[in-house]
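Structural description and commentary
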Amino acid sequence: MSLNTLIFDVDGTLADTERDGHRPSFNLAFREFGLDWEWTVPLYGELLAVTGGKERIRHYVDRYHPEQLSDAHFEALVVQLHQSKTRHYMALLDKGSIPLRPGVLRLLNEARQAGLTLAIATTTTPENVTSLLSATLGPESIGWFKVIAAGDIVSAKKPAPDIYLWALDALGISAQEGLAFEDSENGLRSARAAGLPTLVTINEYTRGQDFSGAEAVLSDLGEPHQPYALHQGALPPTGWVDLDLCRRIAKTSNE
Ligand code: XBP
Ligand code: MG
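None of the values given here were measured: they were computed from a predicted structure.

Turning our eyes to something else, we now look at the packing of helix 3 (residues 53–64) against helix 4 (residues 74–94). Where helix 3 meets helix 4, the axes come as close as 9 Å, and the angle between the chain directions of the two elements is 130 degrees. Classified by the interaxial angle, the pair formed by helix 3 and helix 4 is oblique. For helix 3 against helix 4, the interelement crossing comes out right-handed. Of the residues in helix 4, those touching helix 3 at Gly 53, Lys 54, Ile 57, Arg 58 and Val 61 are Phe 74, Glu 75, Val 78, Leu 81 and His 82. The residue makeup of the contact of helix 3 with helix 4, split by class, is five nonpolar, two polar and three charged.

The pairing of strand 6 (residues 216–218) with strand 7 (residues 228–233) spans three bridges and is classified as antiparallel. Bridging across to strand 7, Ala 216 finds its partner in Gly 233. When strand 7 meets strand 8 (residues 238–239), the two strands line up antiparallel, connected through two bridges. Paired with Ala 229 across the strands is Thr 238, a residue of strand 8.

Protein coordination at the magnesium ion (ligand 2): the donors are Asp 9 (OD), Asp 11 (O) and Asp 183 (OD), at 2.1 to 2.2 Å from the metal. Donor residues for the magnesium ion (ligand 2) sit on one chain with the sequence pattern D-x1-D-x171-D. Pair noted here: Asp 11 is in the loop between strand 1 (5–8) and helix 1 (18–32) and Asp 183 is in the loop between strand 4 (178–182) and helix 8 (185–193), with a separation of 172 residues, a long-range link. A relative accessible area of 11% places Asp 11 in the buried class. Of the residues examined, Asp 183 reaches a relative accessible area of 6% and is grouped as buried.

For ligand 1, the set of nearby residues contains 18 residues, the closest of which are Gly 53, Arg 56, His 82, Lys 85 and Thr 125. Measuring from an oxygen atom of ligand 1, one finds a side-chain N or O atom of His 82 at 2.7 Å. Look at ligand 1: alone it shows 450 Å² of surface, and the protein chains cover 97% of it. Residue assignment for the shell around ligand 1 shows that the elements contributing at least two residues are helix 1, helix 3 and helix 4. Here the element with the most residues in the shell around ligand 1 is helix 1; it accounts for three residues. In terms of residue class, the shell around ligand 1 is built from two nonpolar, ten polar and six charged. Taken domain by domain, the makeup of the shell around ligand 1 includes at least three residues from each of domain 1 (5–16 + 99–254) and domain 2 (18–94).

On to the sheet that holds strand 5 (residues 198–201), then. Strand order in this open sheet of eight strands is 3-2-1-4-5-6-7-8, and the pairing throughout is mixed. Lying at the two open borders of the sheet, with one neighbouring strand each, are strand 3 (145–149) and strand 8. Bridging between strand 1 and strand 2 (residues 117–121) involves four bridges; their strand directions are parallel. If you follow Thr 5 over to strand 2, its bridge partner there is Thr 117. The strands touched by helix 7 (residues 162–171) within the sheet are strand 1, strand 2, strand 3 and strand 4, with strand 3 carrying the most contacts at an inclination of about 150 degrees. In this fold helix 8 packs onto strand 4 and strand 5, with an angle of close to 170 degrees to the strand it touches most, strand 5.

Core analysis: the largest hydrophobic core is formed by 38 residues, its most contacted members being Leu 6, Phe 8, Phe 181, Leu 199 and Val 241. Of all elements in the fold, only strand 1, helix 4, helix 5 (104–113), strand 2, helix 6 (126–137), strand 4, strand 6 and helix 9 (243–254) reach the threshold of two or more residues within this core. Sort the elements by how many residues they give to this core and helix 9 lands first, with five residues. Lining this core are residues from two domains, each supplying at least three of them: domain 1 (5–16 + 99–254) and domain 2 (18–94). Counting residues in each nonpolar core, the second largest holds 18 residues, with Trp 37, Leu 47, Phe 74 and Leu 81 among its members.

Calculation notes
- Residues numbered from 1 in each chain as written.
- Chains lettered and ligands numbered in written order.
- Predicted model: local features only at pLDDT ≥ 70, side-chain atom pairs only at ≥ 80, totals over all residues.
- Heavy atoms only, no water.
- Axes fitted to C-alpha atoms, helices over the stretch in contact; angles between N-to-C directions.
- Helix = DSSP H or I, 4+ residues; strand = E, 2+ residues; numbered from the N terminus.
- Parallel < 35°, antiparallel > 145°, perpendicular 65-115°, else oblique.
- Left-handed = near helix turned anticlockwise from the far one by under 90°.
- Contact = heavy atoms within 4.5 Å.
- Nonpolar A, V, L, I, M, F, W, Y, C, P; charged D, E, K, R; others polar.
- Pairing = 2+ DSSP bridges.
- Donors = N, O, S within 2.8 Å, 3.2 Å for Na, K, Ca; no water.
- Buried < 20%, exposed > 50% of the residue type's maximum accessible area, 1.4 Å probe, protein only.
- Near = heavy atom within 4 Å.
- Polar contact = N/O pair within 3.5 Å; in protein donor to acceptor, adjacent residues only side chain to side chain.
- Areas by Shrake-Rupley, 256 points an atom, 1.4 Å probe, with all protein chains shown as cover.
- Domains from an automatic or database assignment.
- Core = buried A, V, L, I, M, F, W, Y, C linked by side-chain atoms within 4.5 Å.

Here it is in structure tokens:
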């Protein structure tokens with residue numbers, strides 16, 4: 001089976017959305033509801049161990065404000081906080097303040113020109129994905145992706161394999177025909193558990209995580225004028241990820 005589909009994670013992979021996107025949006029939602037909770041940059045790094053915004057709020061409350069858990073309205077509050085956070089986050093994306101990471105647009109274009117299928121497998125809310133794509137690539141780019149697997153479509157979020165298995169099923173392909181792009185240990189574990197070879201591009205929050213099982217770990221996808229730095233794996237020490245390299249990675253992993 002040869003490579004025919006590239007499957008991208010969103011947060012941290014297509015764009016650096018967590019520190020200056022999701023995090024301040026959670027804080028705005030807390031303020032809107034009169035809560036004095038403040039997710040600082042280091043605290044948020046700790047909370048990222050739990051994927052999914054609602055799951056992350058529950059985890060935070062469990063850890064730092066456990067007395068709230070017995071409140072009869074707690075679950076409703078989580079849902080309302082998350083809706084508010086999604087509104088703030090989408091408004092922030094609409095302002096165009098979060099760009100794509102290096103090499104992402106180049107690789108998407110190359111894959112489309114070569115007739116490869118593109119897909120997304122993410123834990124984030126579906127509207128966040130379409131807003132990011134619209135703001136960075138234009139609204140027509142949503143149609144570039146044959147499958148967008150996102151949010152609560154599966155109940156077990158990453159690191160569980162469910163979102164990638166759902167995407168593979170919707171795409172009608174086997175894992176050997178795909179290559180996943182991830183930025184975090186949770187994402188890598190999810191993709192690998194679904195059988196997908198996975199390329200990791202790290203960021204400020206995920207450097208230092210355990211990426212065993214990745215085909216390679218890079219600073220980013222790189223550009224000809226701004227090459228990636230290799231952190232782990234048997235790829236050239238610098239360069240840029242193009243389709244040729246993707247095919248080589250997928251072939252090696254399937255041997
Ligand atoms: C992304 C997440 C998400 C976002 C917030 O993980 O963990 O929870 O931080 O999104 P991954 P929502 O990149 O591994 O998919 O608030 O919409 O859930
Ligand atoms: Mg991610």
